[in-house]
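Coordinates in review
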Amino acid sequence: QATFARVPKGTAAQVFAMNAGATAPEWVTAAGQTQLQVPLGSFAAVGGTPVLASAASGWTSGWLFDAAAQEDIACSVQIPVGWASINVYIWELNNGAGSGDIRWQVNLKDIATGAAVASGGTSTAVTVTADSQNDAVKRTIVSGFAVTAGDLLRLFVSRLGDNVAD
């Protein structure tokens, strides 16, 4: 007859896993997510007339922003367990033959339960030089923005086409 032993409970952010020797289970600290990719369809147009459409002659899709106006897209995501700060990257593709500079702005707000969603936040703007047509480029827009795991993150991305720097 088998003898059963009760396993003690783990602590916050721990998972039950097999030990390195594969001889017994143990509680370990969860590695957690290191990257959260927000799908294009999770964003909504909230300013101007950006369009989610085919890009690069149909080889991919993306949000198309007007080069002469401010246009904004936004979404909200839950901050994963174990995260204390985030970086925001944009994959950018020059869908036209235009050249020159592009002015991006990202507004972030960590929203705790009961907090206002529609106001405040922290904005960061960068000016970058447009790459060749149909070349994909990963741009770092924000680094080290403090967040609280489990909260909601409001993310606004704007192309400031009407800015003198664009």
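Keep in mind that what you see is a predicted model, and the values were worked out from it rather than measured.

Right, let's get into the sheet that holds strand 3 (residues 44-47). Sheet strands pair by backbone hydrogen bonding; their relative direction is either parallel or antiparallel. Spatial ordering of the open sheet is given by 3-6-11-8-9, a layout of five strands whose pairing is antiparallel. Both edges of this open sheet fall to strand 3 and strand 9 (122-129), since each of them pairs with a single strand only. Taken pair by pair, the neighbouring strands of this sheet meet at an average axis angle of 25°, ignoring direction. Here strand 3 runs beside strand 6 (residues 70-78); their pairing, made up of three bridges, is antiparallel. Bridged to Gly47 within strand 6 is Asp72.

In the structure shown here, the tally under the stated rule is two aromatic pairs. Relative to Trp27, the ring of Phe16 has its centre 4.9 Å away and its plane inclined at 50°; by these criteria the two rings are tilted. Residue Phe16 is located in strand 1 (residues 14-18), and its partner Trp27 is located in strand 2 (residues 25-29); the two are separated by eleven residues in the primary sequence. Seen from their ring centres, Phe65 and Trp104 are 5.4 Å apart, and the 85° between their planes marks the pair as edge-to-face. With a gap of 39 residues between them, Phe65 in the loop between strand 5 (60-64) and strand 6 and Trp104 in strand 8 (residues 101-111) connect regions that are remote in the sequence. We note that Phe65, like Trp104, is buried. One cation-aromatic arrangement involves Lys138 over Tyr89; the distance from NZ or CZ to the ring centre is 4.5 Å.

It is worth spelling out the pattern of salt bridges at this point. Pairs can form between side chains of opposite charge whenever their charged atoms are close. In the structure shown here, the tally under the stated rule is three salt bridges. Among the salt bridges present, the one from Arg139 reaches Glu92, with a minimum N-O distance of 3.0 Å. Here the residue Arg139 occupies a position in strand 10 (residues 136-146), and Glu92 occupies one in strand 7 (residues 85-93), the gap between them amounting to 47 residues. Neither Arg139 nor Glu92 differs from the other in exposure class; each is buried. Between Asp166 and Arg159 there is a salt bridge whose closest N-O contact spans 2.7 Å. Arg159 gets classed as buried once you look at its relative accessible area, which sits at 10%.

Nonpolar side chains tend toward joint burial in soluble globular proteins. Of all hydrophobic cores here, the largest spans 24 residues; its most connected members are Ile86, Trp104, Val106, Leu108, Leu153, Leu155 and Val157. Sorting the residues of this core by element identifies strand 6, strand 7, strand 8, strand 10 and strand 11 (152-160) as the ones contributing at least two each. No other element matches the four residues that strand 8 contributes to this core. Here Val157 is in contact with Phe43, Phe65, Glu71, Asp72, Ile73, Ile90, Trp104, Gln105 and Val106, once residues within four sequence places are set aside.

Moving on: the environment of Trp59. Positionally, Trp59 belongs in the loop between strand 4 (51-55) and strand 5. Owing to a relative accessible area of 77%, Trp59 belongs among the exposed residues under this scheme. Linking Trp59 and Ala2, residues 57 residues apart in sequence, is a C-alpha distance of 60 Å.

Reading the values: rules and limits
- For every chain, the first residue of the written sequence is number 1, and numbering continues from 1 along that sequence.
- Two thresholds apply to this predicted model, a pLDDT of at least 70 for residue-level local features and 80 or more for giving and counting side-chain atom pairs, whereas whole-chain, interface and lining totals are computed over all residues.
- Excluding hydrogens and water, the side-chain values take into account all heavy atoms of the structure.
- For two strands to pair, DSSP has to find at least two bridges joining them.
- Counting from the N terminus, the helices are the DSSP runs of H or I reaching at least four residues and the strands are the DSSP runs of E reaching at least two.
- Here an angle of 0 to 180 degrees is reported between the N-to-C directions of two axes, which are lines fitted to C-alpha atoms, with helices fitted over the stretch in contact.
- Classification of ring pairs uses Phe, Tyr and Trp, with its six-membered ring standing for Trp, and accepts pairs whose centres are within 6.5 Å; under 30 degrees between planes counts as stacked, over 60 as edge-to-face, and the remaining range as tilted.
- Summary of the burial criterion: residues with accessible area below 20% of their type's maximum are buried, those above 50% are exposed, and those between are partly exposed, where the area comes from a 1.4 Å probe applied to protein chains only.
- Any Lys NZ or Arg CZ that is within 6 Å of a ring centre and within 35 degrees of that ring's normal is treated as a charge sitting over the ring.
- Only one rule defines a salt bridge in this text: a Lys or Arg side-chain nitrogen within 4 Å of an Asp or Glu carboxyl oxygen.
- In this text, buried Ala, Val, Leu, Ile, Met, Phe, Trp, Tyr and Cys residues form a nonpolar core when linked through side-chain atoms within 4.5 Å.
- In what follows, residue pairs with any heavy atoms lying within 4.5 Å of each other are defined as contacts.

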